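If you want the building blocks of each chain, they are given just below.
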Amino acid sequence: MATQDPGFKRELLATLPSLRAFAVSLSGRHDKADDLVQDTVMKAWAKHESFEMGTNMKAWLFTILRNEFYSQMRKRGREIQDSDGLFTERMAVHPSQYGIMDLSDFKKALDMLPSDQREAIILIGASGFSYEEAAEICQCAVGTVKSRVSRARTRLQDLLKVEGEGDYGPDAVSAQVTSTRHIG
Amino acid sequence: MNDLSALRRRRDDGLGPNTDIGRKLRALFATVEDQGIPPHLLDLLDRLDEVERQSSVHLNSATAPEDGE
């Protein structure tokens, strides 16, 4: 009766990399993030019977992880948040067309956002959730997610402009286009 | 259809494929995603699987006559 659907594990495995990236963005550190993912996997496994195969497992897992993070935060106080390390560890190899310096400037700007705005722009812009899914994950209204994303984007554009856009070669054109053509 | 409206929405929120912020967000995320799954998490899943298998074997042998293999 309690036998695991093999599809459950497969889907879980497929989601782990992006779940882990979300965990790093929340906790700010890879070691804490891995603990968080581990706790999430245990929780998800324990309540897999409440999950309906064919529905959105990614959103389900993100919700469990986020709840786990905030409940641990409440238990331990604020020591978990160490945004200094956010994304910077193990960035030695990276796959994109951006230079490391470029991304680390971006990371710094991202770290300056209030955590609710950072979370919203990550769920929408990086994890690929819809506003409705993000609202469910964050347990807030769709309009709240929209306004958080919009404020986050505006703030990031300001921060990146201030930090000298155009200094880094190939990116200057697109940076300029997006920052000057943006209408709130 | 869906893709088109998703694309339009992405363009509206300024995080689409041609935006600087959207691309950097995804590039930053990819630096973590591309690290793959740490071995201890894979071990954990295998252990959970194993526990599950054993408990279902117990369950089957307790409730049903053995089928053998």
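1. Things to note about the packing of helix α1 (residues 6-27) of chain A against helix α2 (residues 30-46) of chain A
Relative placement of two packed helices is described by the angle separating their axes and the distance separating the axes.
Residues and elements named next belong to chain A.
So, step 1. Interaxial distance between α1 and α2 falls to 8 Å at its minimum, and their mutual angle equals 135 degrees. Judged on the interaxial angle alone, α2 and α1 are oblique. You can see that α1 and α2 cross each other, and the crossing is right-handed. Along the contact surface, α1 presents L12, L16, L19, R20, A23, V24 and S27, while α2 presents H30, K32, A33, L36, V37, T40 and A44.
So, step 2. Tallied by class, residues from the contact of α1 with α2 come to nine nonpolar, three polar and two charged.

2. Regarding unusual backbone geometry
So, step 1. At Q139 of chain A, a residue that is not glycine, the phi angle is positive and equals roughly 50 degrees.
So, step 2. Tracing the sequence through the fold places Q139 of chain A in the loop between α6 (131-138) and α7 (142-162).

3. Thoughts on the environment of E49 of chain A
So, step 1. Structurally, E49 of chain A is set in the loop between α2 and α3 (57-76).
So, step 2. Taking the C-alpha atoms as reference, E49 of chain A lies 37 Å from A152 of chain A; in sequence the two are 103 residues apart.

4. Here we look at the domain arrangement of chain A
All names here are of chain A.
So, step 1. The domains assigned to chain A are domain 1 (8-82) and domain 2 (96-184).
So, step 2. Listed as interface residues are eight residues of domain 1 and, on the opposing side, six residues of domain 2.
So, step 3. It is α3 that provides the largest number of residues to the side of domain 1 that touches domain 2, a total of four residues.
So, step 4. Split into classes, the residues belonging to the side of domain 1 that touches domain 2 amount to three nonpolar, four polar and one charged.

5. Describing α6 of chain A
So, step 1. Inspection of α6 of chain A places E133, A134 and I137 of chain A among the buried residues, and these make up the whole buried set. The buried residues of α6 of chain A occupy an angular sector of 100 degrees when the element is viewed end-on, so they sit on one face.

6. Notes on the packing of α3 of chain A against α6 of chain A
Residue and element names in this part refer to chain A.
So, step 1. Between α3 and α6, the shortest axis-to-axis distance is 8 Å and the interhelical angle comes to 30 degrees. The angle between the axes of α3 and α6 places the two elements in the roughly parallel class. Between α3 and α6 the crossing geometry is right-handed. Where α3 approaches α6, its residues A59, F62, T63 and R66 are matched on the opposing element by E133, E136 and I137.
So, step 2. A breakdown of the residues in the contact of α3 with α6 according to their chemical character gives three nonpolar, one polar and three charged.

7. Regarding the confidence of the model for chain A
Residue and element names in this part refer to chain A.
So, step 1. Residues at a pLDDT of 70 or more form 72% of chain A, whose mean pLDDT is 80.
So, step 2. The secondary-structure element of chain A with the lowest mean pLDDT is helix α8 (residues 172-180), recorded at 49, while α6 shows the highest, at 96.
So, step 3. Contacts of residues 80-85 to residues separated by more than four positions or lying in other chains number eleven contacts, the stretch itself having pLDDT below 50.
So, step 4. Confidence over residues 88-96 falls short of pLDDT 50; this stretch has 14 contacts with residues more than four positions distant or in other chains.

About the thresholds
Residues numbered from 1 in each chain as written. Chains lettered and ligands numbered in written order. Predicted model: local features only at pLDDT ≥ 70, side-chain atom pairs only at ≥ 80, totals over all residues. Axes fitted to C-alpha atoms, helices over the stretch in contact; angles between N-to-C directions. Helix = DSSP H or I, 4+ residues; strand = E, 2+ residues; numbered from the N terminus. Parallel < 35°, antiparallel > 145°, perpendicular 65-115°, else oblique. Left-handed = near helix turned anticlockwise from the far one by under 90°. Contact = placed C-beta atoms within 7 Å. Nonpolar A, V, L, I, M, F, W, Y, C, P; charged D, E, K, R; others polar. Domains from an automatic or database assignment. Buried ≥ 20, exposed ≤ 12 C-beta atoms within 10 Å, placed from the backbone. Arc of directions from axis to C-beta. pLDDT = per-residue confidence, 0-100.

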